[in-house]
Amino acid sequence: MPCTELRFEKRLETCGGLAEKVTYDVREGEVIVHGESGLSAVYKVIDKNTISIEMPGMGSVVFGKYL
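Turning next to the nonpolar core. Residues C3, L6, V22, V33, A41, Y43, I51, I53, V61 and F63 constitute the largest nonpolar core, which totals ten residues. Residue assignment for this core shows that the elements contributing at least two residues are strand 5 (40-47), strand 6 (50-55) and strand 7 (59-64). Once residues within four sequence positions are removed from consideration, V22 is found in contact with R11, L12, E13, V33, H34 and G35.

Below, the structure is given as structure tokens:
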């Protein structure tokens, strides 16, 4: 099940209350998040406030920025 809330910080990603140390690679139109666990995720940048990720069997999950 995908997270309903993601938070990205300088070296940390928080997903549904679980935090993991991460590094980031930024490419045109996408951000690759590499977790300390060895897993990576590719997020598509839709605009400056919105990203999405493709989830196998679930389609695209979209996340918007809020403060």
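Burial of strand 3 (residues 18-27) is sparse: only one of the ten residues sit out of reach of the surface. Pairing between strand 2 (residues 12-15) and strand 3: four bridges, direction antiparallel. Looking at strand 3, one finds that L12 is bridged to K21. Connecting strand 2 to the next strand, strand 3, in antiparallel fashion are two residues, including G16 with a positive phi near 60 degrees. Two elements, strand 3 and strand 4 (residues 30-35), share six bridges in a ladder whose sense is antiparallel. In the sheet register, T23 faces strand 4, and the bridge partner there is H34. Joining the antiparallel neighbours strand 3 and strand 4 is a turn of two residues, in which G29 adopts a positive phi near 80 degrees.

Procedures and definitions
- Residues numbered from 1 in each chain as written.
- Predicted model: local features only at pLDDT ≥ 70, side-chain atom pairs only at ≥ 80, totals over all residues.
- Heavy atoms only, no water.
- Core = buried A, V, L, I, M, F, W, Y, C linked by side-chain atoms within 4.5 Å.
- Buried < 20%, exposed > 50% of the residue type's maximum accessible area, 1.4 Å probe, protein only.
- Helix = DSSP H or I, 4+ residues; strand = E, 2+ residues; numbered from the N terminus.
- Contact = heavy atoms within 4.5 Å.
- Pairing = 2+ DSSP bridges.

Spatial relationships are all this shows, so hold off on functional conclusions.
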